[in-house]
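Structure at a glance
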Amino acid sequence: MPQEIELKFALPGVRADDALQRLRRHPLLRRRPMRQQRLVNRYYDTPDGWLRTQRCALRIRGIEALPGKASPTGQPTPDTPARRTWEQTLKTAGHGSGALSVRGEWTTPLARPVLDRAALLATALAAAPDLAQRLDALQPVHETRCLRTTWTVRGGDGSVVEVALDAGDIRASGGRAPLLELELELLAGDPAALHALADALASDLPLLPARTSKAEQAQRLGDGTLDQPVVARPLDLPRHADPIAVARAALGDALGQLCDNLLLAARHDDPEAVHQARVGWRRWRSLLRLLRPWLPAPPAHDALRPLLASLGTVRDLDVALTETLPLWGPLFVEDDTAHPDRLRAWQQASRRLTASVRAARRALRAQLSDPATAQALLACATWLQQLPEHVEAPAGWAAERLGRWHARLAHSLRESTHPADAQTTTDALHAARLLAKRLRYGAEAVAPTLPDKAARRVHRWQRDARTWQSRIGRWRDTQRAAELLAEHRADAALTGFLRGVALAGRRAEAHTGD
């Protein structure tokens, strides 16, 4: 089966013209010929979305080579007549980790922009039932238009990689969305050449690993979910999967969830995008702990600390503004006619926190446009792709590891019920919350791989962990909101009120911990 092996990247915070100029100046590209084409990609599917359910994408591409061929400096050479060619491509669902995608691909030259049904009979669709009726129902559903700029990089190891910058837009259901992405496609050689080249280019550009194809983006634009925060996907893992198989699937999805939502956070102010980015990172860290005995040392994440701190700051302020203050503010005010001073205090605190979260989002976007941040995320994707094929592990490795975490969670909950001093109780509840998160994310990842009896036990632990994560989280959110009010010099009465609510919540959770 013909395959396409590529790395795909988004470029948060970068304009198309700026990205092009940075690539032209990069030492690996500035002496290489640059070509440009105008591409029109028209995607097809049946009215009931049959190809989408098959995780396939079918397109007709129109290719118009721009007059002349650009020199390494970006200046065009003498004009040659422009011409448009057509081709048909079917791509099957990709597999891989992080930004790497390995997909089946069948391309057929066309004389005109009309589907070649005979060519489709020689693809992965050939075995599909009722194929003739399905092919009759195919129709255009969405399209992308872009200017593609390409360079070809030949390595000393014999590898050949095409570097392609696509800048344009996506069109579906009457809507449009901007398109800017960088693709590195392996034309010959080892896939390691892709990662080496990506790392070199990432020194100048914020290359955020991306796993969503143009076809998927167009589909999401059409159904209104393009800018929807991305949650964890169900994992397709076989029974008794070894730790490496779990790592590739679960860690790959965690990293994808992180990067997908970071891209959304770079474009929009939706609090849920920041929340889901942090969930992706917590899943990554939790699964690394779970699988640590069988994995090589992961890359250090020191370069990600500023980004993670920015995410934490934005999330704390978002929760205070959208959840905690709306919940407790009316109880503090009680009657705004009888207590106008309380209403003013609440409104002033909200204004100050709103100003802070805007500044925090600017800082977050600055981190996302920093090439060092993207390089650290790319290092995670590269490490994941280079994991060994298989490791030996005891038959009950997953349940045994999770059993230890469950026992530690129960111990921390018991510890929170007895100490006389508040700090010890607070520390025990904080430890319990962290353990609950690890247990939940670890259980979600490995449950499909377990025998029925062990899976039922792990599902029970997972439910318990989710419950405690939520309960302790409510207390922690109120406590953090009170801290933020104090930091923003909010009215002492409002700050004291929230501290009292947080204290009551802490005592309630400690009391029910046994």
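Here the residue numbering is sequential within each chain, running from 1 through the sequence in written order. This being a predicted model, a pLDDT of at least 70 is required before a residue's local features are given, and a value of 80 or more before pairs of side-chain atoms are given or counted; all residues contribute to the totals for chains, interfaces and linings. As a convention, hydrogens and water are excluded, and side-chain values are obtained from all of the structure's heavy atoms.

1. Focus: the pattern of salt bridges
- We define a salt bridge as a contact between a side-chain nitrogen of Lys or Arg and a carboxyl oxygen of Asp or Glu at a distance within 4 Å. Inspection of the entire model under this criterion finds 39 salt bridges.
- The salt bridge involving E143 is made with R145; its shortest N-O contact spans 2.6 Å.
- Between buried and exposed lies partly exposed: a residue is buried under 20% and exposed over 50% of the maximum accessible area for its type, with that area taken using a 1.4 Å probe on protein chains only. With relative accessibility at 14%, the residue E143 sits in the buried group.
- Overall, the relative accessible area of 33% leaves R145 in the partly exposed class.
- Through salt bridges with shared partners, a single ionic network connects E6, K8, R148, D166, E181, E183 and K214.

2. Remarks on helix α1 (residues 16-25)
- For helices the rule is a DSSP run of H or I covering at least 4 residues; for strands it is a run of E covering at least 2, with both sets numbered from the N terminus onward. For α1, every residue scored as buried is listed here: A19, L20, L23 and R24. Summarising the axial view, the buried residues of α1 lie within an arc of 135 degrees, below the 170-degree limit, and thus occupy one face. Arc definition: it is the arc formed by the directions from the helix axis to the C-beta atoms.

3. Remarks on the nonpolar core
- Among buried residues, the Ala, Val, Leu, Ile, Met, Phe, Trp, Tyr and Cys ones that are joined through side-chain atoms within 4.5 Å form a nonpolar core. In terms of nonpolar packing, the biggest core is built from 83 residues, with L251, L262, W284, L295, L402 and V446 touching the most fellow members.
- If one sorts the elements of this core by residue count, helix α14 (residues 452-487) sits on top with 12 residues.
- In contact with W284, other than residues within four places in its own chain, are L251, A254, L255, C380, W383 and L384.
- Listed in part, the 28 residues of the second largest apolar core include L7, L20, L29 and M34. A contact between two residues is defined here by any heavy atoms of the two lying within 4.5 Å.

4. Quick notes on the packing of aromatic side chains
- Aromatic pairing here means that ring centres of Phe, Tyr or Trp (its six-membered ring) are within 6.5 Å. Orientation follows from the plane angle: under 30 degrees is stacked, over 60 is edge-to-face, and everything else is tilted. Taken as a whole and assessed by the stated rule, the structure comprises 3 aromatic pairs.
- Between W284 and W383, the ring centres sit 5.9 Å apart and the planes meet at 70 degrees, which makes this aromatic pair edge-to-face. Pair noted here: W284 is in helix α8 (residues 271-291) and W383 is in helix α11 (residues 371-385), with a separation of 99 residues, a long-range link. In this structure, W284 and W383 share a single accessibility class: buried.

5. Side note on unusual backbone geometry
- Even without a glycine there, the phi angle at R55 is positive, about 55 degrees.
- Phi at S173 is positive, roughly 50 degrees, even though this residue is not glycine.
- Locating S173 in the fold gives a position in the loop between β7 (160-172) and β8 (175-188).
- Using a relative accessible area of 63% as the deciding quantity, one classes S173 as exposed.

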